[in-house]
Amino acid sequence: MVRNNPRAAQDLVRMHVEQVFQDATQRLEAGANQAGGAKFSLGLVGHSGEWASVEAAIRSFPDGEKTWTGIQRLLDIYYA
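Residues numbered from 1 in each chain as written. Predicted model: local features only at pLDDT ≥ 70, side-chain atom pairs only at ≥ 80, totals over all residues. Heavy atoms only, no water.

Draft legend 1. Local environment of the environment of Ala57. Turning to its location among the elements, Ala57 is positioned in helix H3 (residues 48-59). Classification of Ala57 by relative accessible area gives partly exposed; the value is 25%. For Ala57 and Ala9, which are 48 residues apart along the polypeptide, the C-alpha to C-alpha distance reads 8.5 Å. (Helix = DSSP H or I, 4+ residues; strand = E, 2+ residues; numbered from the N terminus. Buried < 20%, exposed > 50% of the residue type's maximum accessible area, 1.4 Å probe, protein only.)

Take a look at the structure:
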């Protein structure tokens, strides 16, 4: 799909990431919640198989290496 329609492939991954984020943050308790980022990280790349799939998908895009570096930093922050 990336080869035939890179924009559509990027949109699919973006929609998946967005849905996982919405699911993780939608169920937050009232007030400040320190666990929203961690819930998002676990939902997106909760185990090594998911991590590898998300990483491979993002790296396959034009400028994917740079994008993956940013996402990896974000996930590292959320895991902390």
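Draft legend 2. Summary view of helix H2 (residues 36-45). For H2, the full list of buried residues reads Gly36, Gly37, Phe40, Ser41, Leu44 and Val45. Across the axial projection of H2, the buried residues extend over an arc of 135 degrees, all falling on one side. (Arc of directions from axis to C-beta.)

Draft legend 3. Summary view of helix H4 (residues 64-79). Across its 16 residues, H4 extends 22 Å between first and last C-alpha, which sits within 8% of the 22 Å expected from 1.5 Å per residue. Those residues of H4 that sit buried are Gly64, Trp68 and Leu75. End-on view of H4: buried residues confined to an arc of 30 degrees, all on one side of the axis. Across from the buried face of H4, at angles greater than 90 degrees, the exposed residues are Lys66, Arg73 and Ile77. Of the surrounding secondary structure, the elements contacted by the buried residues of H4 are H2 and H3. (Expected span 1.5 Å × (residues − 1). Contact = heavy atoms within 4.5 Å.)

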